[in-house]
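Each chain is listed here by its residues.
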Amino acid sequence: MSAAAALLAALALGQFAPYVRSRVKPGDDSTQCLYWTVPQVTWSQATQGNPGTAGDTEFEAVRVSFKSWEDIFARCGNLSLREGPVINERRVGYRRNEQNNNVVLFRTLNCSTVVAEKDACWKAETCASQYDCWDDDDSTLAITLTTYDKRSGIILDSDISFNAGQYTFTTVIGAKCEPPAPTNCVPADVQNTATHEIGHFIGLDHTRANGSTMNPSASPGEVSKRTIDTGSSSFVCDVYPKGRASQACLHPTVEDTLGAKDGGCASTGATSMGAALLAWAVWGLRRRERGGRS
Ligand SMILES: [Zn+2]
């Protein structure tokens, strides 16, 4: 194999790595990886839950999803994910000098139907928080919005939103919904979706590795991502090793100068802090993909 062919093969294989870390610039290995450096991250569910899910079962499904990751952290990690109180919060993103919650919420309205075209929020990309609506691609199931320090990759805030206007989220295991829209079936599973999004929440990007929780697409009724695969588990043990500092990808001494969210932000300097927002969009279910599979 020529050197060029070997390089291409390596690049292609990268997509199938057991896990892929999120980067300051997605896919650019010359930029820092995203990761938490605090010993404990608190997350909260929004009080509204999802009106379309039976009872309050969506709350428990999200809890169980976090628990799956927490169990791995307890075994080999240095970070604890702790559930905070349910809060009346409909905003995502990071606001300076405010208390920032890492929130999990369901959006039931689409911004394109509730926000005027001329509204300034479109350009500012604040419609979702301002009008409590889904402003991403219709076909995206859920999105994790992570705010991090651009220089160090240290995560400051992460919020998970479900596209509950477009998708019906359920918590049961049952027959997969196939057209024409039968009843008593599973269209989109809360736990399957949440387990994947929490992977983004802690700094994982997509991989096409077979059977990975971080696979970018999902088929209707899928529940296999509820179980965290060994590749994604090894990310926790590698990047958040028990008894040691969380691992950066570049400049391994960064932990000496940058610390936790509260103390560390100041040391990064006002200019480099520029709260970069990154939407971890699309874990698939694009309609054309669904069509292609059938
Ligand atoms: Zn994803």
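Reading the values: the criteria
- All residue numbers refer to position in the chain's written sequence, counted from 1.
- Given that this is a predicted model, residues contribute local features only at a pLDDT of at least 70 and side-chain atom pairs are listed and counted only at 80 or more, while totals for whole chains, interfaces and linings are drawn from all residues.
- Side-chain calculation: all heavy atoms of the structure are included, whereas hydrogens and water are not.
- Only the stretch in contact is used when a helix axis is fitted, and all axes are lines through C-alpha atoms; the angle between N-to-C directions ranges over 0 to 180 degrees.
- Only DSSP runs of H or I covering at least 4 residues are called helices, and only runs of E covering at least 2 are called strands; the numbering of each starts at the N terminus.
- When describing relative orientation, an angle under 35 degrees is termed roughly parallel and one over 145 degrees roughly antiparallel, while 65 to 115 degrees is termed roughly perpendicular and anything else oblique.
- In this scheme the crossing of two helices becomes right-handed for a clockwise turn of the near helix relative to the far one and left-handed for an anticlockwise turn of less than a right angle.
- Any two residues having at least one pair of non-hydrogen atoms within 4.5 Å are treated as being in contact.
- Only Asp, Glu, Lys and Arg are considered charged in this grouping, and only Ala, Val, Leu, Ile, Met, Phe, Trp, Tyr, Cys and Pro are considered nonpolar; every other residue, Gly among them, is considered polar.
- Burial status follows relative accessibility: with a 1.4 Å probe on protein chains alone, a residue under 20% of its type maximum counts as buried, one over 50% as exposed, and anything between as partly exposed.
- Two strands pair if DSSP finds at least two bridges between them.
- The criterion for a disulfide is a pair of cysteine sulfur atoms lying within 2.5 Å.
- Identification of polar contacts relies on pairs of N or O atoms within 3.5 Å, with a donor-acceptor requirement for protein atoms, meaning one able to donate a hydrogen and the other able to accept it, and with residues adjacent in sequence counted only if both atoms are side-chain atoms.
- The term salt bridge refers to a pairing of a side-chain nitrogen on Lys or Arg with a carboxyl oxygen on Asp or Glu at a separation within 4 Å.

Trainee: It is not clear to me how the packing of helix 2 (residues 57–76) against helix 7 (residues 230–239) should be interpreted in this structure. Could you clarify?
Mentor: Angle between the axes and distance between the axes: these two values describe a pair of packed helices. It is the contact of helix 2 with helix 7, at a shortest axis distance of 9 Å, that shows an interaxial angle of 45°. One way to sum up the angle between helix 2 and helix 7 is to call them oblique. Of the two elements, helix 2 crosses helix 7, and the hand of that crossing is right-handed. Judged by residue contacts, Trp69, Ile72, Phe73, Arg75 and Cys76 of helix 2 engage Ser232, Ser233, Val236 and Cys237 from helix 7. Residues belonging to the contact of helix 2 with helix 7 are distributed by class as follows: six nonpolar, two polar and one charged.

Trainee: Looking at this model, I keep getting lost on the pairing of strand 6 (residues 155–163). Mind explaining?
Mentor: Remark: a regular strand shows side chains that alternate across the two faces of the sheet. Counting buried positions along strand 6 gives nine out of nine residues, so the element sits mostly inside the fold. Direction of pairing for strand 4 (residues 102–107) relative to strand 6: parallel, over a ladder of four bridges. What sits directly across from Leu105, in strand 6, is Ser161. As defined by bridge partners, strand 5 (residues 142–148) adjoins strand 6 across seven bridges and the pair is classed as antiparallel.

Trainee: Honestly, the state of the cysteines in this entry has me stumped. Any pointers?
Mentor: The bond known as a disulfide is covalent and runs between the sulfur atoms of two cysteines. Under the criterion given, the structure shown has four disulfides. Across a sulfur-sulfur distance of 2.0 Å, Cys111 and Cys133 are joined as a disulfide pair. Looking down the S-S bond of the Cys111 and Cys133 bridge, the torsion is 95°, so its handedness is right-handed. In this pair, Cys111 is assigned in helix 3 (residues 111–114) and Cys133 in the loop between helix 5 (127–131) and strand 5, connecting sequence segments 22 residues apart. With relative accessibility at 0%, the residue Cys111 sits in the buried group. Covalent S-S linkage joins Cys121 and Cys127, the inter-sulfur distance amounting to 1.8 Å. As the torsion about the S-S bond is roughly 90°, the Cys121-Cys127 disulfide counts as right-handed. With a relative accessible area of 2%, Cys121 lands in the buried category.

Trainee: I tried to follow the pairing of strand 4 on my own but got confused; where do I start?
Mentor: For strand 4, the tally of buried residues reaches six of six residues, placing the bulk of the element in the interior. Going residue by residue along strand 4, you find Asn102, Val104 and Phe106 tucked away on one face and Val103, Leu105 and Arg107 tucked away on the opposite face as well. In the sheet, strand 2 (residues 40–45) pairs with strand 4 via three bridges, with the strands oriented parallel. Each bridged residue has a counterpart across the sheet, and for Gln45 the counterpart in strand 4 is Val104.

Trainee: Teacher, can you tell me more about helix 7 here?
Mentor: The periodicity of an α-helix, 3.6 residues per turn, causes residues three or four places apart in sequence to face the same way. Of the positions making up helix 7, those classed as buried are Gly231, Ser232, Ser233, Phe235, Val236 and Val239. Where helix 7 is buried, its residues touch strand 1 (20–21), helix 2 and strand 11 (204–205). Two or three places before Gly231, at the start of helix 7, stands the capping residue Asp229, its side-chain oxygen 3.1 Å from that residue's backbone nitrogen.

Trainee: Got a minute to help me understand the environment of Tyr167 in this structure?
Mentor: In this structure, Tyr167 sits in the loop between strand 6 and strand 7 (169–170). Tyr167 sits 115 residues away from Gly52 along the chain, and the two C-alpha atoms are 9.5 Å apart.

Trainee: Hey, could you run me through the pattern of salt bridges in this one?
Mentor: Tallied over the entire structure, the rule returns eleven salt bridges. Ionic pairing is found between Asp29 and Arg23, a salt bridge with its closest N-O pair at 3.6 Å. For Asp29, a relative accessible area of 55% gives the class exposed. Put simply, Arg90 and Asp132 hold a salt bridge, and the shortest N to O gap is 3.0 Å. Within this pair, whereas Arg90 is found in the loop between strand 3 (80–83) and strand 4, its partner Asp132 is found in the loop between helix 5 and strand 5, the two being separated by 42 residues in sequence. Given a relative accessible area of 15%, Arg90 falls into the buried group. Put simply, Glu89, Arg91, Arg95 and Glu98 are held in one network by salt bridges that share partners.

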